[in-house]
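# Structural characterization, general
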Amino acid sequence: MKIATYNINGMNARLPVLLRWLAETKPDVVCLQELKAPQEKFPEKELLDAGYNAIWHGQKSWNGVAILTNGKVIRQVRNELPGDENDDQSRYIEAIVDQKRIGCLYLPNGNPAPGPKFDYKLRWFERLKAHAAYLLAEELPVILAGDFNVIPTEMDAYKPERWLKDALFLPETRAAFQELMDQGWTDALRKLHPDETIYTFWDYFRNAYGRNAGLRIDHFLLSPSISGSLIASGVDSQVRGWEKTSDHAPVWIELKDDSL
DNA sequence: ATGACTTTTTGTAAAAGA
């Protein structure tokens, strides 16, 4: 079973790229972030024609998340992160697919830091940690996938010294991510590629992709009950080189099919 | 170090992204 996460940076602007990537790589489940489209502007029909069911939580202009499946039944569990009823940003959606619970998240960027946006990021992180702890106690195996807007270590930025004061790499951000990981989650990309340079985002500026000046900020977290099923993981970085593409590339994992 | 792109909008300049 192949599961992917992709910050699409504009669902409708990116639809041709998305459909080409789906046709070429045929993931079973896809978590999308940054739809940048309201609920009613989601291209449901085009995806159905491509063989994908979808649930989504849109928002005008910004944010927006979705989960797609290649014909599999999706049971939506929630479409927002618990813990703040005044938070109206569409950054979380969760579903059960194939006896697995899948949380698709778009953690706030947090820049400029310090400031209210960074405060919101840290508050959102606290809510995520609380919900992640709750999920670990649930019956089904859990996968948390998405754009975490966290550079976990110096390995994950092409020039980490330039990111020291950035909300993606500040000590508070890295500490929050580490506290989440310490609940028992497995970083699926790092687990199988401990020493590799892995990037999932390249700025549109200054030919960042051509120079491989990237960041690793999109992540897959696996609960203990499913981490043993991980057999492969990677980044479809070639998609970042396509025309009219997102500044992120799709990230994927392959799980051993335990339903045999 | 910055913001050289790119997207969105009761749009045409400003905000956001990372």
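Parameters at a glance
Residues numbered from 1 in each chain as written. Chains lettered and ligands numbered in written order. Predicted model: local features only at pLDDT ≥ 70, side-chain atom pairs only at ≥ 80, totals over all residues. Heavy atoms only, no water. Phe/Tyr/Trp six-rings, centres within 6.5 Å; stacked < 30°, edge-to-face > 60°. Helix = DSSP H or I, 4+ residues; strand = E, 2+ residues; numbered from the N terminus. Buried < 20%, exposed > 50% of the residue type's maximum accessible area, 1.4 Å probe, protein only. UniProt positions renumbered as here; feature names shortened; annotations may be inferred. 1 Å grid on protein atoms, 1.4 Å probe; cavity = no way out; pocket = protein on both sides within 12 Å on 5 of 7 lines; lining within 4 Å. Contact = heavy atoms within 4.5 Å. Polar contact = N/O pair within 3.5 Å; in protein donor to acceptor, adjacent residues only side chain to side chain. Pairing = 2+ DSSP bridges. Axes fitted to C-alpha atoms, helices over the stretch in contact; angles between N-to-C directions. Expected span 1.5 Å × (residues − 1).

### Topic: the packing of aromatic side chains
In this description, a pair of aromatic rings is defined by centroid distance and the angle of the planes. According to the stated counting rule, one finds four aromatic pairs in the structure shown. Relative to Trp56, the ring of Phe42 lies with its centre 4.2 Å away and its plane at 10°, an arrangement referred to as stacked. Taken together, the residues Phe42 in the loop between β2 (29-33) and α2 (44-49) and Trp56 in strand β3 (residues 53-57) connect sequence positions 14 residues apart. Like Phe42, the residue Trp56 is buried in the burial classification. Their ring planes at 85° and their centres at 5.9 Å tell us that Phe148 and Phe177 sit as a pair that is edge-to-face. Of this pair, Phe148 sits in the loop between β8 (142-147) and α4 (171-181) while Phe177 sits in helix α4, and the two are 29 residues apart along the sequence. When sorted by exposure, Phe148 lands in the same class as Phe177, which is buried.

### A word on the UniProt feature "domain: Endonuclease/exonuclease/phosphatase" (unreviewed entry) in chain A
According to UniProt, the feature "domain: Endonuclease/exonuclease/phosphatase" (unreviewed entry) maps to residues 4-248 in the numbering used here. End-to-end, the C-alpha atoms of residues 4-248 are 13 Å apart, and along that stretch the chain is 24% helix and 24% strand.

### Remarks on the UniProt feature "active site" (unreviewed entry) in chain A
According to UniProt, the feature "active site" (unreviewed entry) maps to Tyr106, Asp147 and His248 in the numbering used here. Separation in sequence by 143 residues is not matched in space for these annotated residues, since their most distant C-alpha atoms are only 12.7 Å apart. Restricting the annotated residues to those that line the largest pocket leaves Tyr106, Asp147 and His248. In this fold, Tyr106 is placed in strand β7 (residues 100-106). Setting aside residues no more than four positions away along its own chain, Tyr106 makes contact with Asn7, Gln33, Glu34, Asn63, Val65, Arg91, Trp124, Asp147 and Asn149. At a separation of 3.4 Å, a polar atom in the side chain of Tyr106 contacts the side chain of Glu34. Inspection of the secondary structure puts Asp147 in strand β8. When its relative accessible area of 1% is taken as the criterion, Asp147 is described as buried. Among all residues touching Asp147, those that are not within four sequence positions of it are Asn7, Gln33, Leu105, Tyr106, Leu107, Ile217, Asp218 and His248.

### Side note on the sheet that holds strand β12 (residues 218-222)
Sheet architecture is open: six strands sit in the order β5-β6-β7-β8-β12-β9, paired in mixed fashion. Edge strands, defined here as strands with exactly one partner in the open sheet, are β5 (75-78) and β9 (186-187). Judged from the six bridges that link them, strand β6 (residues 92-97) and β7 form a sheet pairing that is antiparallel. By the bridge assignment for β7, Glu94 is matched with Gly103. Across the sheet, helix α3 (residues 116-136) lies against β5, β6, β7 and β8, angled at about 15° from β6, the strand it touches most. Sitting on the sheet, α4 touches β9 and β12, and the angle it makes with β12 is about 25°.

### As for α3
Taking 1.5 Å as the rise per residue, α3 with 21 residues should run 30 Å; its terminal C-alpha atoms sit 30 Å apart, in good agreement. Those residues of α3 lying buried are Phe118, Tyr120, Lys121, Trp124, Phe125, Arg127, Leu128, Lys129, His131, Ala132 and Leu135.

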